[in-house]
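Summary of structural features
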Amino acid sequence: MNAVIDVEGLRKVYGSTLAVDDVSFQVAPGEIFGLLGPNGAGKTTTVECLQGLRHPDGGHVRVLGLDPWAQRSALRRRIGSQLQESALPDRLKVWEALDLFATTTLSPSNREQLLEQWGLADKRNASFANLSGGQRQRLFVALALVNQPEIVFLDEMTTGLDPAARRITWDLIEAIGKRGTTVVLVSHFMDEVQRLCQRVAIVNHGHVVAVDTPEKLIARGARQLRVLFTWEGEPLAWLESVPHVHHVSQQENQIEIEGDGPVFQHVAAALLQHSIEPTDLRVERPNLEDVFLQIIGKAEEG
Amino acid sequence: MRALTKTTWVELKLFTREPLTVLFTFAIPFVVLFVLGSVFGNAPPNPHVYRGVGTLNYYVPAYVALVVAAIGLIALPVHLAAYQERGVLRRFRASTIPVWSVFGAQIAATFVIEVLASAILVIVALAVYHTRSPQSLGEVIGAFFLGALTFGMIGLFLGLALPARAAQGAGVLLWFVMMQISGPGAPPEVLPTAILRVADATPLQHLVVLMQDAWFGFGWNNGEMLSLLGFLAGATALTIVFARRS
Ligand SMILES: Nc1ncnc2c1ncn2[C@@H]1O[C@H](COP(=O)(O)OP(=O)(O)O)[C@@H](O)[C@H]1O
Ligand SMILES: [Mg+2]
């Protein structure tokens, strides 16, 4: 992989707080890469080290082949950042912000297009202080894109948005990705990461505990498949001996089977053999959230 | 350079959108001058006090220095510390705008405001109270420039080193003490030696004398210039340290 971001053994300490202990991952060009983890995991610190906003205490970091700290001004021209915690002067107007941030960009500015695209055209004369949370986030992303960056860092950009605004934002992030821009998306929302990211690093306590595609991460948790159906007859004790079944439980008229791999197919076949044809036979696959909790939980025990 | 002019322009626009700040900045020196003028008038010079130039004549250049000090010590740090606290500086740092141009814009924008506020003060003093006009305009401009730069740099340091509330407190306190002892309050001839020695350690004292000497045609005061350059160098070093740290 010809990585645009290469992090190896990143470490960052704040006084006595070990914020990032040992973080390693690579991001391929054009990828939407997720950093997923609970609050305080070290995600923001990690991306700040990649953006050249913080000096790492250890490890090797390269972004677009540059050392983010030593070559930060060269890097800034080629990346865009929407920060988790940041603001603009209260009385600065939307168009002024874009105009200001476009001053130092080499490429011809696409300001008007950005205003349109990010739904800010009718807010161009509004002051920063008068924007809603969602509008501010969209303005920050527009500002991050004003220099037509090769990589965009988005840190918790849907936190605090209502569901409709989150969906709109997701579409826009997908649109950025489609243009070939690499996106690093920091989030603690599983649904967001599962929907948008091609690959995800799960971060916990300053460590990367897993890196993979959301599908493969979910497949790891596929041991936890559950097969469910409604049954009102006598107990089906023989289900325990069906291949790939681990455990069978019955609550009132609900049968719940835990198993792995092709457990669903085996259960369905066995039921047919016994002439049982439940119409609500279904399998519940773990989603990223289950897998996440499982991985984080394991790390916690270990 | 384009970034610096653009950020400065934006800062000036932001300033005009704070009507209360604008009012205070431009009205206060004017009000003080008016009170002073009503109390003293422009009494004939007494060689033993007010450096021998007469009360109002003495105060006009001292107030110009005081305006520069007020904006540098209070307005600038409060503004910058708020940027720091609210994450505005982080926003700029993460962008392609060089962070030094944001700092430079603070000094450049306050410079423009100081010029305007001083001009109003001087025009009123000349027109209404017929005070002495500057004997050497070039030297007065030089003193003004050096003073604005020095206090601007001290303001940057305060704004970067302290949280917004503390920056405001420290700025007001420093300014108030200097106003009392460094020349714009009681004239040096009536102040006890101990206080004059403390005043010597304040940048405002040196700016007031440099400005007055230029104004009254006493000649360019190299000693005061060097003292101010010392403060400027110290404040610049501290600003660099704190700009790196944050
Ligand atoms: N500027 C800072 N000074 C001291 N501690 C910090 C600072 N920023 C973050 N931390 C601490 O470092 C840890 C990681 O924080 P952060 O990187 O913000 O995590 P995340 O973005 O995953 O929520 C947390 O324990 C947090 O309290
Ligand atoms: Mg964070």
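Residues numbered from 1 in each chain as written. Chains lettered and ligands numbered in written order. Predicted model: local features only at pLDDT ≥ 70, side-chain atom pairs only at ≥ 80, totals over all residues. Heavy atoms only, no water.

Thoughts on the site of ligand 1
Residues and elements named next belong to chain A. What surrounds ligand 1 is the set Tyr 14, Thr 17, Ala 19, Pro 38, Asn 39, Gly 40, Ala 41, Gly 42, Lys 43, Thr 44, Thr 45 and Arg 54. With respect to ligand 1, the backbone of Gly 40 contributes an N or O atom lying 2.7 Å from an oxygen atom. Within the side chain of Thr 44, an N or O atom sits 2.7 Å from an oxygen atom of ligand 1. Secondary structure elements with two or more residues in the shell around ligand 1: β2 (17-27) and α1 (43-50). When the residues that make up the shell around ligand 1 are grouped by side-chain class, the tally is 4 nonpolar, 6 polar and 2 charged. (Near = heavy atom within 4 Å. Polar contact = N/O pair within 3.5 Å; in protein donor to acceptor, adjacent residues only side chain to side chain. Helix = DSSP H or I, 4+ residues; strand = E, 2+ residues; numbered from the N terminus. Nonpolar A, V, L, I, M, F, W, Y, C, P; charged D, E, K, R; others polar.)

Some remarks on the environment of A:Pro29
Residues and elements named next belong to chain A. Mapped onto the elements, Pro 29 comes out in the loop between β2 and β3 (32-36). As for Pro 29 and Thr 181, which are separated by 152 residues in sequence, their C-alpha atoms are 7.6 Å apart. Excluding residues within four positions of it along the chain, Pro 29 makes contact with Asn 2, Val 4 and Thr 182. (Contact = heavy atoms within 4.5 Å.)

Describing the domain arrangement of chain A
What the domain assignment reports for chain A is domain 1 (5-219) and domain 2 (223-285). The straight-line distance from the C-alpha centre of domain 1 of chain A to that of domain 2 of chain A is 44 Å. (Domains from an automatic or database assignment.)

Overview of the packing of aromatic side chains
All names here are of chain B. For the structure shown, the criterion picks out 12 aromatic pairs over all chains. Between Phe 157 and Phe 242, the ring centres sit 5.5 Å apart and the planes meet at 55°, which makes this aromatic pair tilted. One end of the pair, Phe 157, is in helix α6 (residues 137-161); the other, Phe 242, is in helix α10 (residues 222-245), with 85 residues separating them in the sequence. Phe 242 shares its class with Phe 157; the two are buried. Of the aromatic side chains, those joined through ring pairs into one cluster are Tyr 50, Tyr 58, Tyr 59 and Tyr 63. (Phe/Tyr/Trp six-rings, centres within 6.5 Å; stacked < 30°, edge-to-face > 60°. Buried < 20%, exposed > 50% of the residue type's maximum accessible area, 1.4 Å probe, protein only.)

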